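Single-letter residue listing:
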Amino acid sequence: MKIHEYQAKELLERYGVRTQSGHLAQTPTQAGEAYTRLGGELAVIKAQIHAGGRGKGGGVKLVRSRSEAEEVAHEILGMNLVTHQTGPDGIQVQNVFVAEGLELEEEYYVAIALDRSQGNPVLMVSREGGVEIESLAEERPEAILKLPFSPTGGLQDHQARRASYFLGFKGELAKQAGKILHGLARVWVDLDCELAEINPLVKTSQGELVALDAKMSFDGNALFRHPNIAGMRDPNEEDPREVEASRYGLSYIALNGSIGCMVNGAGLAMATMDNIKNHGASPANFLDVGGGADEETISHAFRIVLTDPSVKGILVNIFGGIMKCDIIARGILAAAKKVELKVPLVVRLEGTRVDEGRAILEESGLDITPASSLDEGARLVCEAVGEKA
Ligand code: GDP
Ligand code: MN
């Protein structure tokens, strides 16, 4: 789960990291008030969306008066901000962070990410901040220092010193950097982060190190340990279907293709999507109904898949174990009573109570194409939407 820059900055401050301070605003008037409260001449209006690259997209602007703060906030609030991380549709800006304007001398990159192959957090620093780290990693990997550390032992002093030296800090700056690096490492471990990134960390003309930007994401499976962070979820930033599905304990993932997939189990979801690809189409989503869902939940699940406008055909692929095929069939019928079935539906059922399940669908009068194997099901649904390989 991701949070906004202003929320990430609040968390970092609690861990002793000096961040660019500011106030949240939802209207131009509030932005003007925030400007005055900050008390300086220079301020920055920053769009709050869950994506980087806001500066280039026109979502970060410097202002020098209260009226300019109001004007710029008026421009940014409500705009559809498109960056390299938002996709072509962009994200509508609902809030701006009005931050103190700083005079920058240098910009650095500092982040801690999860190295999944090593099973460790890894500290990454570079003297080239403010740029896209992915392209830097590709073009000049030597410009990034990576230091893995143990989540139980934490970031070691010698590692923080090495990172600070790599960034070129000495004396007072090295002291500040040590505090920031240790704070970032503690925040990452304590709060079960996936990513905690400061890009850029800046050196101001007053010789102070400040986190100018902050980006954080958290392990969704650990959120139950951090109710205050779970409370920072912004549904406006998420696919409304994913939000709705999570309400019923279902996992729904939106993708870019045209076939809606309802499956049980993540492994079966992967196999189903591979088969659809093999037969020439792409999945529009997959909805994993898991093992313990009842008829009503299945009905919600099917409705969520059915109401996705990018879905041109649906493949239901269920291997009944704990999940019973007749429950799936009844759930599909219940949903089809509420939402008209306008796209081709291919159903492959196998396993527990499969005969009952098939009979229910057959007698329903719904226009359903049965399939006897996953391969056949994938082929039939690809044919039905006219995207056969
Ligand atoms: P991002 O584009 O989404 O990564 O947003 P950032 O918060 O990183 O801001 C983008 C850029 O705006 C930074 O890299 C800075 O160059 C610039 N910027 C942001 N705040 C300030 C500020 O207080 N003073 C100055 N001079 N530039 C700023
Ligand atoms: Mn940034």
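About the criteria used
Residues numbered from 1 in each chain as written. Chains lettered and ligands numbered in written order. Predicted model: local features only at pLDDT ≥ 70, side-chain atom pairs only at ≥ 80, totals over all residues. Heavy atoms only, no water. Donors = N, O, S within 2.8 Å, 3.2 Å for Na, K, Ca; no water. Helix = DSSP H or I, 4+ residues; strand = E, 2+ residues; numbered from the N terminus. Buried < 20%, exposed > 50% of the residue type's maximum accessible area, 1.4 Å probe, protein only. Near = heavy atom within 4 Å. Polar contact = N/O pair within 3.5 Å; in protein donor to acceptor, adjacent residues only side chain to side chain. Areas by Shrake-Rupley, 256 points an atom, 1.4 Å probe, with all protein chains shown as cover. 1 Å grid on protein atoms, 1.4 Å probe; cavity = no way out; pocket = protein on both sides within 12 Å on 5 of 7 lines; lining within 4 Å. Sits in = over half its atoms within 2 Å of the grid points. Domains from an automatic or database assignment. Contact = heavy atoms within 4.5 Å. Phe/Tyr/Trp six-rings, centres within 6.5 Å; stacked < 30°, edge-to-face > 60°. Points joined across faces, edges and corners; volume = space filled by probe spheres on them. Nonpolar A, V, L, I, M, F, W, Y, C, P; charged D, E, K, R; others polar.

A. The arrangement of the coordination of the manganese ion (ligand 2) in detail. Around the manganese ion (ligand 2), the protein contributes the donor atoms Asn-199 (O) and Asp-213 (OD), at 2.2 Å from the metal centre. On the criterion of sequence distance, the pair formed by Asn-199 in strand E10 (residues 193–204) and Asp-213 in the loop between strand E11 (209–211) and strand E12 (215–218) is long-range, its members being 14 residues apart. As far as the burial class goes, Asn-199 and Asp-213 line up, both buried.

B. Broad picture of the site of ligand 1. Contacts to ligand 1 come from 18 residues, most closely from Lys-46, Arg-54, Gly-55, Leu-102 and Glu-107. One nitrogen or oxygen atom from the main chain of Gly-53 is found 3.2 Å from an oxygen atom belonging to ligand 1. Between ligand 1 and the protein, one listed contact pairs an oxygen atom with a side-chain N or O atom of Arg-54 at 2.8 Å. The fraction of the free accessible surface of ligand 1 (570 Å²) that becomes covered by protein chains is 81%. The cavity that encloses ligand 1 is the largest pocket. Secondary-structure elements contributing two or more residues to the shell around ligand 1 are strand E2 (43–47), helix H3 (54–57), strand E3 (60–63), strand E7 (104–115) and E10. Structurally, the shell around ligand 1 is a two-domain feature, drawing no fewer than three residues from each of domain 1 (1–20 + 103–237) and domain 2 (21–101).

C. Representation of the environment of Glu-105. Its place among the elements puts Glu-105 in strand E7. Along the primary structure Glu-105 and Glu-208 are separated by 103 residues, whereas in three dimensions their C-alpha atoms are 9.9 Å apart. Glu-105 has contacts with Lys-203, Thr-204 and Ser-205, leaving out every residue within four places of it along the chain.

D. Summary view of the packing of aromatic side chains. For the coordinates displayed, the defined rule picks out two aromatic pairs. Centre to centre, the rings of Tyr-108 and Phe-169 are 4.8 Å apart; their planes meet at 70 degrees, and the pair counts as edge-to-face. Here Tyr-108, found in strand E7, pairs with Phe-169, found in the loop between helix H6 (157–166) and helix H7 (171–190); they are 61 residues apart in sequence, far enough to count as distant. Judged by its relative accessible area of 5%, Tyr-108 is buried.

E. Spotlight on the layout of surface pockets. Taken as a whole, the largest pocket spans an internal volume of roughly 1200 Å³. In terms of lining, the largest pocket is formed by 48 residues, of which the most central are Gly-53, Gly-130, Asn-199, Pro-200 and Asp-213. Residue classes in the lining of the largest pocket are distributed as 24 nonpolar, 11 polar and 13 charged. Among the domains, domain 1 (1–20 + 103–237) and domain 2 (21–101) are the pair contributing at least three residues each to the lining of the largest pocket. If you trace the second largest pocket, you find 24 residues lining it, with Glu-237, Glu-238, Asp-239, Glu-242 and Tyr-252 closest to the centre.

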